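Each chain, letter by letter, is given below.
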Amino acid sequence: MPRSKKFRRARLIVIVLVVLLVAGVGYGGYRGVTAVRASFPEVDGSVKVAGLSAPVDVKRDANGIPQLYADTAEDLFRAQGYVQAQDRFWEMDVRRHITAGRLSEMFGDGQVDTDSFIRTMGWRQVAQKEFDTKLSPETKKYLQAYSDGVNAWLAEHPGGEKASLEYALLGAVNSGYKPEQWTPVDSVAWLKAMAWNLSGNLQEEIDRSLLAQDFGPDKIAELYPEYPYSRNGTIVKTGTVAGDTYRPADGSAPSGGAPGAATTQGAATTKALMQGLTDRIDAMPQLLGRPGQGIGSNSWVVAGSHTTTGKPLLANDPHLGPGLPSVWYQMGLHCRTASAACQFDVSGFTFAGMPGVVIGHNKDVAWGFTNLGADVTDLYLEKVTGPDTYQVDGKDEKFDLRKETIKVAGGEDRTITVRTTRTGAPLISDQSTEQQNVGKYAPNGTSAPDRGTGGYGVALQWTALSPGKTMDAVFELDKARNWDEFRGAAKDFAVPAQNLIYADAKNIGYQAPGVIPVRGKGDGSMPAPGWDSSYQWKADPVPFTALPWSLNPSAGYIVTANQAVVDQGYKYNLTKDWEYGTRAKEITDQIEGLLKNNGKISPDDMQTLQLDNTSIMAKTLVPLLLKQQIDDPYVREAQDLLKDWNFHQDADSAAAAYYNGVWRNLLSLAFGQKFPADIRAKDNCLLVRQQDDPTKPDSSSKIVTECGTRDPGKAQPDGGDRWTEVVRAQLDKPDSSWWTYIDSQHKEQKGLDNLLKEAMKNARQDLTSLLGKDISTWSWGRLHKLELREQTLGTDNSSIASGAVHKLLNRGPYRLSGGSAAVDAAGWNAAAGYQVDWIPSMRMVVDLNDLDSSRWVNVGGASGHAFHQNYNDQTDLWLNGKLLTWAFTPDAVEKATKHKLVLTTG
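Residues numbered from 1 in each chain as written. Predicted model: local features only at pLDDT ≥ 70, side-chain atom pairs only at ≥ 80, totals over all residues. Heavy atoms only, no water.

## Examining the overall build of the chain
Then, number 1: A tally of regular secondary structure across the chain gives 27 helices and 34 strands.
Then, number 2: Within the chain, the proportion of its 906 residues that are buried is 63%.
Then, number 3: Counting only carbon and sulfur atoms, one obtains 49% of the accessible surface of the chain, whose full area is about 32400 Å². (Helix = DSSP H or I, 4+ residues; strand = E, 2+ residues; numbered from the N terminus. Buried < 20%, exposed > 50% of the residue type's maximum accessible area, 1.4 Å probe, protein only. Areas by Shrake-Rupley, 256 points an atom, 1.4 Å probe, with all protein chains shown as cover.)

## Side note on the pairing of strand β14 (residues 395-398)
Then, number 1: Relative to β14, strand β13 (residues 389-392) runs antiparallel, the two sharing four bridges. Each residue of the ladder has a partner; that of Tyr390, found in β14, is Glu397.
Then, number 2: Linking two consecutive strands that pair antiparallel, namely β13 and β14, is a turn of two residues; a positive phi of about 55° is found at Asp393 within it. (Pairing = 2+ DSSP bridges.)

## A look at the nonpolar core
Then, number 1: By size, the foremost hydrophobic cluster in this structure holds 240 residues, and its most contacted members are Trp462, Tyr570, Tyr658, Tyr659, Phe671 and Leu903.
Then, number 2: Sequence-distant contacts of Phe671, that is, excluding residues within four places in its chain, are made with Leu223, Pro717, Trp723, Val726, Val727 and Trp738.
Then, number 3: Core analysis: the next-biggest nonpolar cluster, separate from the first, contains 11 residues, Val384, Val392, Phe399 and Ala528 among them. (Core = buried A, V, L, I, M, F, W, Y, C linked by side-chain atoms within 4.5 Å. Contact = heavy atoms within 4.5 Å.)

## Here's the deal with the state of the cysteines
Then, number 1: Across all of its chains, the model carries two disulfides by this definition.
Then, number 2: The disulfide partner of Cys335 is Cys342, and the gap between their sulfur atoms is 2.0 Å. The sign of the -85° torsion about the S-S bond sets the Cys335-Cys342 disulfide as left-handed.
Then, number 3: What pairs with Cys685 in a disulfide is Cys707, and their sulfur atoms sit 1.7 Å apart. With the S-S bond torsion at 100°, the cross-link from Cys685 to Cys707 turns out right-handed. Taken together, the positions of Cys685 in strand β23 (residues 685-691) and Cys707 in strand β24 (residues 701-707) put the pair 22 residues apart, joining distant regions of the chain. (Disulfide = S-S within 2.5 Å.)

## Some remarks on the side chain of Arg119
Then, number 1: Along the chain, the position of Arg119 falls in helix α5 (residues 112-121).
Then, number 2: Leaving out residues up to four positions away in the same chain, Arg119 has contacts with Ala100, Gly101, Arg102, Glu105, Arg402, Glu404, Thr405, Ile406, Ile416 and Val418.

## Some thoughts on the environment of Thr245
Then, number 1: Here Thr245 is to be found in strand β5 (residues 245-247).
Then, number 2: Dropping the residues within four chain positions of it, Thr245 is found in contact with Thr240 and Thr545.

## So, the packing of aromatic side chains
Then, number 1: Under the counting rule described, the total for this entry stands at 43 aromatic pairs.
Then, number 2: Taking the centre distance of 5.5 Å and the plane angle of 45° together, the rings of Phe215 and Trp738 count as tilted.
Then, number 3: The buried category is assigned to Phe215, whose relative accessible area is 16%.
Then, number 4: These aromatic residues form a ring-pair network of at least three members: Phe89, Trp90, Phe107, Trp153, Tyr167 and Tyr177.
Then, number 5: For the cation-ring pair, Lys140 lies above Phe131, with the distance from its terminal atom to the ring centre recorded as 5.4 Å. (Phe/Tyr/Trp six-rings, centres within 6.5 Å; stacked < 30°, edge-to-face > 60°. Lys NZ or Arg CZ within 6 Å of the ring centre and 35° of its normal.)

## Side note on the pattern of salt bridges
Then, number 1: What the rule picks out here adds up to 42 salt bridges.
Then, number 2: Notably, a salt bridge pairs Glu130 with Lys192, separated by 2.6 Å at the nearest N-O pair. One end of the pair, Glu130, is in helix α6 (residues 123-134); the other, Lys192, is in helix α9 (residues 184-197), and 62 residues separate them in sequence. Judged on exposure class, the residue Glu130 and its partner Lys192 are both buried.
Then, number 3: Between Lys219 and Glu222 there is a salt bridge, with its nearest N and O atoms 3.4 Å apart. With Lys219 and Glu222 both in helix α11 (residues 217-223), this residue pair falls three residues apart, about one helical turn. (Salt bridge = Lys/Arg side-chain N within 4 Å of Asp/Glu carboxyl O.)

## Some remarks on the sheet that holds strand β2 (residues 56-60)
Then, number 1: Strand order across the open sheet formed by 11 strands is β1-β34-β2-β3-β8-β9-β10-β11-β18-β19-β21, with mixed pairing between neighbours. Edge positions in the open sheet fall to β1 (45-49) and β21 (549-551), since each of these has one partner strand only. Going across the sheet, the axis of each strand differs from the next one's by a mean of 15°, ignoring polarity.
Then, number 2: Of the strand pairs in this sheet, strand β18 (residues 498-503) and strand β19 (residues 508-511) are connected by four bridges, and their pairing is antiparallel. Note that in β19 the partner of Ile501 across the bridge is Tyr510.
Then, number 3: Where helix α3 (residues 73-99) meets the sheet, it contacts β1, β2, β3 (66-70), β8 (329-335), β9 (345-350) and β34 (899-905), and its direction lies at approximately 155° from that of β8. (Axes fitted to C-alpha atoms, helices over the stretch in contact; angles between N-to-C directions.)

## Some words on helix α15 (residues 470-479)
Then, number 1: Here α15 lies mainly inside the structure; nine of its 10 residues are buried.
Then, number 2: When α15 is considered as a whole, its buried residues turn out to be Thr470, Met471, Asp472, Ala473, Val474, Phe475, Leu477, Asp478 and Lys479.

## So, the confidence of the model for the chain
Low pLDDT means the predicted atomic positions in that stretch should not be read closely.
Then, number 1: Of all residues in the chain, 86% attain a pLDDT of 70 or more, and the chain-wide mean is 89.
Then, number 2: In this model, residues 9-17 is a region of pLDDT below 50 whose contacts with residues beyond four sequence positions or in other chains number 15 contacts.
Then, number 3: Below pLDDT 50 for its whole length, residues 796-801 participates in 15 contacts with residues either more than four positions away or in separate chains. (pLDDT = per-residue confidence, 0-100.)

## Description of the packing of helix α19 (residues 616-627) against helix α21 (residues 654-670)
Helix packing for two helices is described by the angle between their axes and how far apart those axes are.
Then, number 1: Contact geometry of α19 with α21 gives a least axis separation of 11 Å together with a crossing angle of 85°. In terms of their interaxial angle, α19 and α21 are classed as roughly perpendicular. Between α19 and α21, the residues in contact are Met617, Ala618, Leu621, Val622 and Leu625 and Tyr659, Val662, Trp663 and Leu666, respectively.
Then, number 2: In terms of residue class, the contact of α19 with α21 is made up of nine nonpolar, no polar and no charged. (Parallel < 35°, antiparallel > 145°, perpendicular 65-115°, else oblique. Nonpolar A, V, L, I, M, F, W, Y, C, P; charged D, E, K, R; others polar.)

Below is the structure:
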């Protein structure tokens, strides 16, 4: 997060002091260690917590994972708030400033743009409406109890070093900052951050629009191929929808459009609006990872008839952006005695700042999530006719206007005006004068309105900007006792739309929940013309009763890995941008192989499958690479690494390193060279052919050096699952124009074989520069590294001060196996480099035969305190594919307990 010079100078002073203190220099070292430890939580003995009706036991195991025992639900959630604040309050405080658009109050004017964008979307206002108008009285009661628990802790730690080391750092640059009281809306608002990062194809809409500058519809279609339904399959066999009721087609039995108008307003408008929007999205904090296609998760569940335990087994490993503290927080919430007043006995993964458990199991059922990837966001190009008007169907409409004042630490307040259309879509391009005015320079399109002085703007229609009941769903999931109650909870799960898998002792199931829009014209793949009301969403979304589900399918297992849920025969358009099913197909094939060879699947098999790092694309591409006649012995030496390679992307594999180097260079030559600069990574400078008129293939051209402008994490071609499908289709066309490229001698070359040879030569050179000339020393892990970076202080390493902070708080780098389209999805962006961008953020295997035999692991640890023993004590286990025993029953928890704290009535 960038800071002003004043902030940097002040921060440099405190960083030097902290480095000296923590390093243990004499008396200062002792004082430094004491200051750091002052914020560590009390884990033994007893403390008074205001508002409790009876004592609550907090039992922590050796990894600091808390299991809470209370007599009432309100006491349980009050204690949850207190304990999470003990471990993670700084993280919670930063998160609520993100969701409220108030980061500038903490960190200064470098955060004004981020705050402006979030204020424009109005996350906090929507969360407030949810709390006021949508949530049940019971949920509100639990949220308030949670807030009371956080505030009870905060009363004992009002700020400064006793709350967290980061507050001591912040105090050097913003001495007046004091944390406010926690509120229920602070918890609800975090759901908007979750939804933003899992919001579907927003980035794909932008990218298609930017690609339309240089490519026609046919070429763009080649870059976004159809989902391979026949090869990779769907989550469920597509059933029928009759009277808005979905009927499964796979043996399940219940237990008890037209393209958008991205180019009609002119290329100049599209480029400026979409690039400006991309820059704004790039500036958003990505605490869950980058949004959009290419990042996903795995989950699968196997029926008891196919397991060695005789009961279902369920696995889940959501793929999110890496960082510290861990995205997830492990916890158990237990009522000592089940009653109407206290129905919770649940354990799993949740988020610091939110009550309840998000993913996990209770005593009766288990569940997991993967991102459904539904298209729940649409961009609308609005014809702005004046300061407070825009055009719809040839008539002026009034924007809904509101003022937002952004308070800035160490600077002057900023006031912005937010304009919202009649459909509730905010004009997210509104903070840029260039974007407001560029429309008047665009050529007229056949369906675009006449140009005016107002220009064009971009509005965002998004399901998460309407109040929902997802917080109700969290508590309902935690209490669900059977399939019907599980589906009842899923009905309230509005955003983000997810794939939910389910298991109880006798059944396995799947449910697709979420608010998914029904469009008029258009299919959501391109920005739509806001001036034509026929493109607006229908009043009612897809009915929950019409959403796909499955119970006890005849296959005996269910796999969800962001592949298509249903085929094209389904009545509604869920999205045009599914993940392409490579991981799902590999998991399915592995399960089928285990059943064929062993007859049964064990918990160990489930765990091992999570670590499958096979490159499926390599099985297709490597034979073609080995067929190439390479004359240069320097390159042929590297080519020989691919002989007898098993396609496993192990960290110590030299072949995996070279293959991925070839893959990266192939994509750069075939696609990167041809892409506009605003799609490619910053400072990625390539030789490109620039045509005088891109719309005419035969127009004159010249070769120039052009550097990309996009944040590397979102640059294309990223090499993910979509790109395996793009390349696979073009391999059948050896003379495809995509195989035309500019070689290192600035000469144009054509043909697949020539490009493969060039990619192998370039990869040999790249890896030599990165790993050395001696290929016997090469390994994939030396390239493919993960650094767990402290997220809440930002990722700006441009100054000595910021670098010093992160050296203290970050962990790594670690050498990783896996790859972007592998089941062990240690993702990397081929347009930017080999560093790991997203990971299995946690792993779990639930054994419904014996819940105490279930297993889990977090990528970091329970604590948010950088020098606490539980800050990242699970990282090595995670790296090595190991899982911790997951104690659940009272006896197992007691046996695992290393620390016991009693929260008493205050």
